[in-house]
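# Per-entry structural report
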Amino acid sequence: MKNTTIEYFNEKAQKCFDDAFTITERTNQDHFLSYLKPGAHILDFGCGSGRDSRYFMDKGFEVTSTDGSAGMAALASVYLGKPVKVMEFNELDDENLYDGIFASASIMHIEYEKLEELFPKMIRAMKKGGILYVSFKYGEGEGFLGKRFYTYMNEDRFARFIEPFTELEVITSGIFGNEHPGQMDFRWLYAILRKK
């Protein structure tokens, strides 16, 4: 099946890149970083524009940036001044490498069943004590919005989803609001987890 989400981001790469920089709030990024040691190695998993990668790099962290869209990765590579690896989520095969994984508004673009397959890969890719940040559009179910696919999460759904992954403990989770000025209001669920 053709991945129309990646197709969308390739077609709209410049617009998505530009739109990313209308968001200036850094609360979630700082919250994630507060659990990491200085200079920790972060995987920015689905980095999009590279905006968060740059923020982490500027704060002295080692950052590996990946994105499934070749168009987005090319723009982010120029912005960051270093290569961004073109990689779909299911291609993650690192082991015991990262102190933290930042998956902000990224892994929500794959099906629930694929998320169930992805979490063990993310767990394996992190060192013991590694910190995982994830965020999803708030709601239930899954489906397409235009060309882009979304898996939605609310508190109950995420709690049920995460229960089998006993290697992870939830440090904190919560809801935050719309970050895009001028867009209709919507909410996000975020969670910060630690690998035991």
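Whatever comes next refers back to the structure up there.
Below you will find a few notes about this structure. (Residues numbered from 1 in each chain as written. Predicted model: local features only at pLDDT ≥ 70, side-chain atom pairs only at ≥ 80, totals over all residues. Heavy atoms only, no water.)

Turning our attention to the packing of helix α6 (residues 112-125) against helix α7 (residues 155-162). Think of two packed helices as two axes; the pair is described by the angle between the axes and how far apart they sit. The interhelical angle for the contact between α6 and α7, taken along N-to-C directions, is 45°, at an axis separation of 11 Å. With respect to each other, α6 and α7 are oriented oblique. Between α6 and α7 lies a crossing whose hand is right-handed. Facing Tyr112, Leu115, Glu116 and Phe119 of α6, the residues of α7 in contact are Arg157, Phe161 and Ile162. (Axes fitted to C-alpha atoms, helices over the stretch in contact; angles between N-to-C directions. Helix = DSSP H or I, 4+ residues; strand = E, 2+ residues; numbered from the N terminus. Parallel < 35°, antiparallel > 145°, perpendicular 65-115°, else oblique. Left-handed = near helix turned anticlockwise from the far one by under 90°. Contact = heavy atoms within 4.5 Å.)

With that settled, the discussion passes to α7. Of the residues making up α7, those classed as buried are Arg157, Phe158, Phe161 and Ile162. For α7, the angular spread of the buried residues around the axis is 120°, confining them to a single face. Its side-chain oxygen at 3.3 Å from the backbone nitrogen of Asp156, Asn154 defines the N-terminal cap of α7. (Buried < 20%, exposed > 50% of the residue type's maximum accessible area, 1.4 Å probe, protein only. Arc of directions from axis to C-beta. Polar contact = N/O pair within 3.5 Å; in protein donor to acceptor, adjacent residues only side chain to side chain.)

Another aspect to go through is the pattern of salt bridges. Tallied over the entire structure, the rule returns nine salt bridges. Here Glu7 makes a salt bridge to Lys147, at a shortest N to O gap of 2.5 Å. Residue Glu7 is found in helix α1 (residues 4-11), and its partner Lys147 is found in the loop between β6 (142-145) and β7 (148-151); the two are separated by 140 residues along the sequence. One continuous salt-bridge network, built from bridges that share partners, spans Glu7, Glu11 and Lys147. (Salt bridge = Lys/Arg side-chain N within 4 Å of Asp/Glu carboxyl O.)

The next point concerns the pairing of strand β1 (residues 41-45). Among the five residues of β1, five are classified as buried, and the element is accordingly described as predominantly covered. On β1, burial covers both faces: His41, Leu43 and Phe45 on one face and Ile42 and Asp44 on the other are all buried. Pairing of β1 with strand β4 (residues 98-103) involves three bridges; the strand directions are parallel. Counted as the bridge partner of Ile42 is Gly100 from β4. (Pairing = 2+ DSSP bridges.)

On to the sheet that holds β1. Read from one edge to the other, the open sheet built from seven strands follows the order β3-β2-β1-β4-β5-β9-β8, with strand pairing classed as mixed. Both edges of this open sheet fall to β3 (85-86) and β8 (168-176), since each of them pairs with a single strand only. Note: strand β2 (residues 62-67) against β3, two bridges, orientation parallel. In the strand pairing of β3, Asp67 is matched with Val86. In this fold α6 packs onto β1, β4, β5 (126-137), β8 and β9 (188-195), with an angle of close to 145° to the strand it touches most, β5.

Turning next to the packing of aromatic side chains. How two aromatic rings sit relative to each other is given by the distance of their centres and the angle of their planes. For the structure shown, the criterion picks out 22 aromatic pairs. Taking the centre distance of 5.8 Å and the plane angle of 50° together, the rings of Phe32 and Phe56 count as tilted. Of this pair, Phe32 sits in helix α3 (residues 27-33) while Phe56 is found in helix α4 (residues 51-58), placing the two residues 24 residues apart along the sequence. Both residues of the pair, Phe32 and Phe56, count as buried. With a centroid separation of 5.3 Å and an interplanar angle of 80°, the aromatic rings of Tyr112 and Phe161 are classed as edge-to-face. Of the two residues, Tyr112 sits in helix α6 while Phe161 sits in helix α7, which places them 49 residues apart along the sequence. When its relative accessible area of 2% is taken as the criterion, Phe161 is described as buried. Three or more aromatic residues joined by ring pairs form one cluster here, namely Phe32, Tyr55, Phe56, Phe102, Tyr133, Phe176, Trp188 and Tyr190. One residue, Arg54, lies across the ring of Tyr79, its end atom 5.9 Å from the ring centre. Note that Arg187 overlies the ring of Tyr138, its terminal NZ or CZ placed 4.3 Å from the centroid. (Phe/Tyr/Trp six-rings, centres within 6.5 Å; stacked < 30°, edge-to-face > 60°. Lys NZ or Arg CZ within 6 Å of the ring centre and 35° of its normal.)

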